[in-house]
2 protein chains.
Amino acid sequence: MNQQPIGYMDSGVGGLTVVKESLRQLPNEQVIFIGDQARLPYGPRPADQVRKFAWQMADFLLSKHVKMIVIACNTATAAALDDLQSKLDIPVIGVISPGSRAAIKATKNEEIGVIATEGTIKSDAYKRSIEHKDPHAHVLSLAAPKFVPLVESNAYKSPIAKKVVAETLRPYRHTDIDTLVMGCTHYPLLRPIIQNVVGPKVKLIDSGAETVNTVSTLLDYFHLGNSDFSHAPQHEFYTTGSAEMFDTIARDWLQLRHLQAHHLDLEGA
Amino acid sequence: MNQQPIGYMDSGVGGLTVVKESLRQLPNEQVIFIGDQARLPYGPRPADQVRKFAWQMADFLLSKHVKMIVIACNTATAAALDDLQSKLDIPVIGVISPGSRAAIKATKNEEIGVIATEGTIKSDAYKRSIEHKDPHAHVLSLAAPKFVPLVESNAYKSPIAKKVVAETLRPYRHTDIDTLVMGCTHYPLLRPIIQNVVGPKVKLIDSGAETVNTVSTLLDYFHLGNSDFSHAPQHEFYTTGSAEMFDTIARDWLQLRHLQAHHLDLEGA
């Protein structure tokens, strides 16, 4: 048993889609979350820069004595997971493998769509991860660079969001995909709109939510879970941007009305 | 990358429900399966005896140079997982934690039913595993000792199966369970009948199929997956009982028409 917190990092509020599932499936695990809103979006940035930012967040989380780090951001997973995993002696988990596994599990015709940021698509990480496991799978990747700004500007329920999503996903119209990976942790906030555009027969994969399965699996495997129920865990939220803006979205998404994030300065952010 | 096989053990054909999902989700991983049909059912046996049998199967699998062992049997998981995990230096995976995690993920009202053998129910392993993660969950356990013999005698589609399942599950009638864990790898062969009895609103959890998620997760985490696609893996099936009887069920369940199991003698079996 281990009462240390689990650390989550993202470029912004997207990682909260992972935290939401953690609060549900692992209600006894303390969450320390950091969103690097001052420097988002990560998608268009070079990989070595994203890797540097990921290390800054990892160092902050390590100062909080986390027992596990979750890179709750697909772009940062593609850029930094291998490096963090090889250099840290606590488990480090990314969102790409869990999303890939869930897609292989869900598909019936092995035609899988993947939407993600430019950085993630460029890295080819999903395609490699899926085809590495299932050589018969056919992956159709699509960059959706306009989705993150829609979410971060709190416009994810707006009419403009509907228009942008419909236009972005048009290339899937004449394909047979039966599964679509939301390969960016921001995208699940757009889920109702995405589902409406692709139709009810396409199964949407929430890579972040699937990641909590992996967190839970590794907590069990390494005997790291917290089973002391004597007091409710006190979660902590940090952003390099505006705490007020963060709170607005986080309170709505997590249904935690009294959530109060702290502003945090990272060097260069 | 690692081309060694993955070893699966069960008291009989039940573990094939796990293998079926492995063939689908991990088509490139070679399977070595052993079913101890000469000594089934394991359910009513004392835990220390089941542990001894599990070690015999583990030793056989290790002689086949497996890279990972899956105890594809809930009774044997409850009796032997901790012991095997602590003494072997390859990953050993049981079916109880994956089933528990999937139940917590699936439930909306936190009323969870668990059906299993007498041995598994007596061990209280599911209840502990679920409540260890989610203190609000309420687990209603029920022993279903007649299900394994129904499956092993190839009577899992018969009218008598319908009657036995309906009678066994009657205690759930006046409960609010929204999720039912099939806590024995034999039970998914009875799935259509079980679903019919509990009704379409109860979500059935196939602990074995969920276990393949865990296998896949740990293959990724430890970089043990096989990505050499140059030749199809040659799976091997062994039983301590009648190979002909095994083949009849295995061919039907796995849809592998040319499957041919080998008879194997284990000391005392």
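Quick caveat: nothing in here was measured; it's all calculated off a predicted structure. (Residues numbered from 1 in each chain as written. Chains lettered and ligands numbered in written order. Predicted model: local features only at pLDDT ≥ 70, side-chain atom pairs only at ≥ 80, totals over all residues. Heavy atoms only, no water.)

Chemist: Got a minute to help me understand the domain arrangement of chain A in this structure?
Modeler: When the parts of a complex come together, some accessible area is lost, and that lost area is often taken as the interface size. Residue and element names in this part refer to chain A. Partitioning chain A into structural domains gives domain 1 (6-94 + 209-263) and domain 2 (96-207). Here the C-alpha centre of domain 2 lies 21 Å away from the C-alpha centre of domain 1. With 29 residues of domain 1 at the interface, the matching set in domain 2 holds 27 residues. Three residues stand out in domain 1 for area buried against domain 2, namely N74, E210 and I249, and they jointly supply 27% of the buried area on that side. On the surface where domain 1 and domain 2 come into contact, there are one salt bridge. (Domains from an automatic or database assignment. Contact = heavy atoms within 4.5 Å. Buried area = accessible area lost by both parts, 1.4 Å probe. Salt bridge = Lys/Arg side-chain N within 4 Å of Asp/Glu carboxyl O.)

Chemist: How should helix 2 (residues 47-63) of chain A be read in this particular structure?
Modeler: Two residues of an α-helix separated by three or four positions point the same way, owing to the 3.6 residues in each turn. All names here are of chain A. With 17 residues, helix 2 should cover 24 Å at 1.5 Å per step; its first-to-last C-alpha distance of 24 Å lies within 8% of that length. For helix 2, every residue scored as buried is listed here: V50, F53, A54, Q56, M57, A58, F60 and L61. Summarising the contacts, the buried residues of helix 2 are in contact with strand 1 (6-10), strand 2 (31-35), strand 3 (68-71), helix 3 (74-87) and strand 9 (236-239). (Helix = DSSP H or I, 4+ residues; strand = E, 2+ residues; numbered from the N terminus. Expected span 1.5 Å × (residues − 1). Buried < 20%, exposed > 50% of the residue type's maximum accessible area, 1.4 Å probe, protein only.)

Chemist: Got a minute to help me understand the relation of the copies chain B and chain A in this structure?
Modeler: These two copies of the chain differ by a rotation about an axis and a displacement along the same axis. Superposition record for chain B on chain A: RMSD 0.0 Å, screw rotation 180°, translation along axis 0.0 Å. Classification of the inter-copy transformation places it as that of a two-fold axis. (Least-squares fit on C-alpha atoms with pLDDT ≥ 70 in both.)

Chemist: Please clarify how the packing of aromatic side chains should be interpreted in this entry.
Modeler: Aromatic ring pairs are defined here through the distance separating the ring centres and the angle between the ring planes. What the rule picks out here adds up to 17 aromatic pairs over all chains. Aromatic side chains F147(A) and Y187(A) sit 5.0 Å apart centroid to centroid with 70° between the ring planes, which places their arrangement in the edge-to-face category. Remark: Y187(A) occurs in the loop between strand 7 (179-182) and helix 9 (191-198) and F147(A) occurs in helix 7 (residues 147-152); sequence separation between them is 40 residues. Take F147(A): its relative accessible area is 0%, and that puts it in the buried class. Under the relative-accessibility criterion, Y187(A) is labelled buried at 0%. Joined through ring pairs, the aromatic side chains of Y221(A), F222(A), Y221(B) and F222(B) make up one cluster. A cation sits over an aromatic face here: R39(A) above F53(A), 3.6 Å from the ring centre. (Phe/Tyr/Trp six-rings, centres within 6.5 Å; stacked < 30°, edge-to-face > 60°. Lys NZ or Arg CZ within 6 Å of the ring centre and 35° of its normal.)

Chemist: Help me understand the layout of surface pockets in this model?
Modeler: Regions of empty space are outlined by a rolling probe, equal in size to a water molecule, passed over the atoms. In this structure, the largest pocket spans a volume of roughly 1500 Å³. In terms of lining, the largest pocket is formed by 44 residues, of which the most central are K105(A), K203(A), E210(A), K105(B) and K203(B). For the lining of the largest pocket, a count of residues per class yields 15 nonpolar, eight polar and 21 charged. (1 Å grid on protein atoms, 1.4 Å probe; cavity = no way out; pocket = protein on both sides within 12 Å on 5 of 7 lines; lining within 4 Å. Points joined across faces, edges and corners; volume = space filled by probe spheres on them. Nonpolar A, V, L, I, M, F, W, Y, C, P; charged D, E, K, R; others polar.)

Chemist: Sorry if this is basic, but what is going on with empty space enclosed by the protein here?
Modeler: All names here are of chain A. In total, this model carries six cavities of 30 Å³ or more according to the counting rule given. There is about 80 Å³ of room inside the largest cavity. Around the largest cavity sit 13 residues that line it, and S11, C73, T75, T117 and C184 are the ones nearest its centre. When residues of the lining of the largest cavity are assigned to domains, at least three fall in each of domain 1 (6-94 + 209-263) and domain 2 (96-207).

Chemist: Please explain the sheet that holds strand 5 (residues 111-116) of chain B as it appears in this structure.
Modeler: The strands that make up a sheet pair up through hydrogen bonds in the backbone, lying either parallel or antiparallel. Residue and element names in this part refer to chain B. Strand order in the open sheet made by the four strands is 6-5-7-8, with parallel pairing throughout. Taken across any chain shown, the strands that pair with only one partner, and hence form the sheet edges, are strand 6 (138-143) and strand 8 (203-206). Taken over all neighbouring pairs, the strand axes of this sheet differ in orientation by 25° on average, direction set aside. Its contacts with the sheet put helix 10 (residues 207-221) on strand 7 (179-182) and strand 8, and the angle it makes with strand 8 is roughly 60°. (Pairing = 2+ DSSP bridges. Axes fitted to C-alpha atoms, helices over the stretch in contact; angles between N-to-C directions.)

Chemist: Sorry, what's going on with the UniProt feature "active site" (unreviewed entry) in chain A here?
Modeler: All names here are of chain A. Residues annotated by UniProt as "active site" (unreviewed entry) correspond here to C73 and C184. Taking the farthest pair of C-alpha atoms as the criterion, the annotated set spanning 112 residues converges on one region, since that pair is 6.4 Å apart. Considering only the residues just annotated, the largest cavity is lined by C73 and C184. Counting through the fold element by element, C73 comes out in the loop between strand 3 and helix 3. Residue C73 is classed as buried on the basis of its relative accessible area, which comes to 4%. Setting aside chain neighbours within four positions, we find C73 in contact with M9, D10, S11, Y42, V95 and T185. Relative to the assigned elements, C184 resides in the loop between strand 7 and helix 9. Taking relative accessible area as the criterion, C184 reaches 5% and is therefore assigned buried. In contact with C184, other than residues within four places in its own chain, are N74, I115, T117, V148 and S207. (UniProt positions renumbered as here; feature names shortened; annotations may be inferred.)

Chemist: When you look at helix 1 (residues 16-25) of chain A in this model, what are you seeing that I'm missing?
Modeler: With seven of its ten residues buried, helix 1 of chain A lies for the most part within the structure. When helix 1 of chain A is considered as a whole, its buried residues turn out to be L16(A), T17(A), V18(A), V19(A), E21(A), S22(A) and Q25(A). Looking at the buried side of helix 1 of chain A, the elements it contacts are strand 1, strand 2, helix 10 (207-221), strand 9 and helix 11 (243-254) of chain A together with helix 4 (96-106) of chain B.

Chemist: What is the right way to look at the pattern of salt bridges in this model?
Modeler: It is possible for side chains of opposite charge to pair when their charged atoms get near one another. Counted according to the given criterion, the structure contains 24 salt bridges over all chains. Notably, a salt bridge pairs R39(B) with D36(B), separated by 2.8 Å at the nearest N-O pair. Classification of R39(B) as buried rests on a relative accessible area of 5%. Salt bridges sharing common partners tie together R101(A), K133(A) and D220(B).

Chemist: How should the sheet that holds strand 8 (residues 203-206) of chain A be read in this particular structure?
Modeler: All names here are of chain A. Taken together, the four strands give an open sheet; going across it, the order is 6-5-7-8, and neighbouring strands pair in parallel fashion. Edge strands, defined here as strands with exactly one partner in the open sheet, are strand 6 (138-143) and strand 8. Taking each pair of neighbouring strands and ignoring which way they run, the sheet shows an average axis angle of 25°. Taken together, the four bridges between strand 7 and strand 8 define a ladder with parallel strand orientation.

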